[in-house]
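Here's the letter readout for the chains.
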Amino acid sequence: MTSSFVPELDDTEFATLVEDGRGLIPQYASDWTDHNMNDPGITLIDLIAYLVDQQIYRVGFVGESLRGAFTRLMGVAPRGPKAAELLVWPTPGSLPILDLEAGTRAHTPDITEAEFTVSNHVRTVAVQIAGVSLVIGAREKPLGDGLTEGRDPVTLMPHVGGGPRALILDFSDAIQQLAGVGPVSLGIEVQERAGAEDADWDAITIEQEDPGGFWHPLVVKDGTKGLARTGVILFEPSPLSEAKRFRLRLDRGFRPAPVTVTRLDLNVLPLREGRYDAEAVIGEGNGLPDQRIDFFHDDIVDRERSLKVFTRADAWTLVGDLERSGPQDRHVRLTPEGLAFGNGLNGQVVPLGAQVRVDPLRRTQGHAGAVAKGLSWVVAGQTYGSNIAASSLGRNRDSFGDLARRARQVAKRRRAVLGSDLLQERLMGAGLGLARVQVSPRRRPGLEGAEAPGSRTVIILPTRDPSQPPGPATEEMRDRVEAYLAPMRLLGERFYISHPLYVPVEVDVDLVVEADADRLAILAQAETAIRARLWDVPRVAGQQEAPWQAGRDVTIGEIEGMMAEIAQVVQVPGCRIARAGAALGRDVIVLKDREIALAQSVVVRVIEGGAL
């Protein structure tokens, strides 16, 4: 059984309208006595009833176009098809120097249905990566050759969180300088992260070292979106110096989350599924207004950008609608059925006999164009390499059913951000590089301890190496968090994005343990537990106890309780705490709304042999 909250508006039949109209004749035209079908007046009543019946039907009919408008109001717009993409990694060994234009065919004997082409202009080089190093502080840390062979992955923390400054690549030989050829391709494979598909960090900067030891920035096209995903980085070596040593800057731009690089290599080719049509004539002008030309385009990639329409040598501009077009404007509208031209008032009429043609278009098989990993590829007649990962899935053009399903998913997920827990959950899942978020309702910075109705303080802690001392989030990160939260703000509410205030504390504790206990192990366990608890981000992998909460007072009881949970600890006879520099004692360390306790000095003494 189904139900609907939409009332049935089309509940009046044509015959009822005719009878109602005929019944009004005596009231308004008493001299009209012939009410038979042969009377012209009755014919007019039939015509009016027919028109009213159609209007009632249209008012009550919710068709796909109207439902599509509803989905757009929910932020769900129709998507065009998307081609599958993959990377071909070269087979180890010598590779001839090739200048591969975008659109160069690539094929694999394992797939005969789908067509693939090189998606960017690339020039291969006859050199290899001989060494990889990380720049940490003022020194270089060699990483060996594991990354070029797909082993020994390295995790790069954000630079603002203690991560390296650069990744240096030493080539086996200098790159031969050639004019008028494509850029060099560097493939980088990273571990996939949640939200990576939507991440768009600042592009990577690549620099080249000259013989004098100076570094010069190069022209770069970053397909990894700032190392947010696996892809290729295309760069053009400078012809002014020997091109043998390069570095990827990791201390520039917005790169807030850790990145694990699992492989990198030169000459990695980006391929894209699809084929280009030849230029085609799709119709002929009939000289009439509002001409429509059928044109199948469900499989055209980026149709709004790639479609070019011509008559003779005249180009027609693609527009969303023709309402604002003038009589002389060569404007054309793309509809689900094809192309719609003007009527002489809103857009030009296509001249009689004028051929309507389109430029070559890229067509895709959508999700049917996806391929599995491990296929061997031939490019420009050369056996080139293989795709070590499956291609992206590709996508067909959205049908109305797809739109409806996506709208239902959005409606199920969409919730007003009323609770602070939900707000924290949204921020942590937004890919903003946050290690931790704490929301304090009815609070605002500068009024600690006092209620501030309509305000929430959002304390953000950026991802960093937990062994490094804490620091505030960058202004760019705060701006991004604020921009992310802006649409979620309730009317009259204000979010305050803030960093925490840190309070160093000292802890001195005595432990009595069982006679056969390992004193050194318990001492290390106790100190690790205190430092992990009195910190702002998790310090230990799989840490059960949460780091210290902003605004939470530090008490003797909590420290003693932590120590009592350690196996073979019998008693905690002595425990003293204080803010750094103050006299140790048993008084509570009172913290304000944004203050977080950090363990500075921790002294643990272990006494064996039972209770004192």
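Here the structure is shown first, and the text comes after it.
About the criteria used
Residues numbered from 1 in each chain as written. Predicted model: local features only at pLDDT ≥ 70, side-chain atom pairs only at ≥ 80, totals over all residues. Heavy atoms only, no water. Phe/Tyr/Trp six-rings, centres within 6.5 Å; stacked < 30°, edge-to-face > 60°. Helix = DSSP H or I, 4+ residues; strand = E, 2+ residues; numbered from the N terminus. Buried < 20%, exposed > 50% of the residue type's maximum accessible area, 1.4 Å probe, protein only. Lys NZ or Arg CZ within 6 Å of the ring centre and 35° of its normal. Pairing = 2+ DSSP bridges. Axes fitted to C-alpha atoms, helices over the stretch in contact; angles between N-to-C directions. Parallel < 35°, antiparallel > 145°, perpendicular 65-115°, else oblique. Left-handed = near helix turned anticlockwise from the far one by under 90°. Contact = heavy atoms within 4.5 Å. Nonpolar A, V, L, I, M, F, W, Y, C, P; charged D, E, K, R; others polar.

A.B. asks: What exactly am I supposed to notice about the packing of aromatic side chains here?
C.D. replies: Any pair of aromatic rings gets described here by the distance separating the centres and the angle formed by the planes. For the structure shown, the criterion picks out 4 aromatic pairs. Seen in terms of ring centroids, Phe 171 and Phe 246 are 4.9 Å apart; in terms of plane orientation they differ by 35°. Their pairing is tilted. Of the two residues, Phe 171 is situated in strand 9 (residues 166-171) and Phe 246 in strand 15 (residues 245-249); the sequence distance between them amounts to 75 residues. In this structure, Phe 171 and Phe 246 share a single accessibility class: buried. Among the aromatic residues, ring-to-ring pairing joins Phe 171, Phe 235 and Phe 246 into one connected group. Positioned above the aromatic ring of Trp 89, the side-chain terminus of Arg 263 is 5.7 Å from the ring centre. One Lys or Arg, Arg 480, reaches over the ring of Phe 254 and ends 3.8 Å from the middle of that ring.

A.B. asks: I would appreciate a short explanation of the pairing of strand 17 (residues 269-273) in the present structure.
C.D. replies: Note on strand geometry: in a regular strand, side chains alternate between the two faces of the sheet. Taking burial as the measure, the 5 residues of strand 17 include 4 buried ones, the bulk of the element. Examined bridge by bridge, strand 1 (residues 85-90) and strand 17 share 4 bridges and lie antiparallel to one another. Residue pairing for strand 17: Glu 85 is matched across the bridge by Arg 272. With 3 bridges joining them, strand 4 (residues 111-118) and strand 17 adopt antiparallel strand pairing. Each residue of the ladder has a partner; that of Thr 117, found in strand 17, is Arg 272.

A.B. asks: I keep staring at the packing of helix 1 (residues 14-23) against helix 3 (residues 40-60) and nothing clicks. Help me out?
C.D. replies: A pair of packed helices is characterised by two quantities: the angle between their axes and the separation of those axes. Relative to each other, helix 1 and helix 3 sit at 135°, their axes nearing to 9 Å. In terms of orientation, helix 1 and helix 3 fall into the oblique class. The interaxial crossing formed by helix 1 with helix 3 has right-handed handedness. When helix 1 is examined against helix 3, the residues Phe 14, Leu 17, Val 18, Gly 21 and Arg 22 are found in contact with a partner set consisting of Ile 42, Ile 45, Asp 46, Ala 49, Tyr 50, Val 52 and Asp 53. In terms of residue class, the contact of helix 1 with helix 3 is made up of 8 nonpolar, 1 polar and 3 charged.

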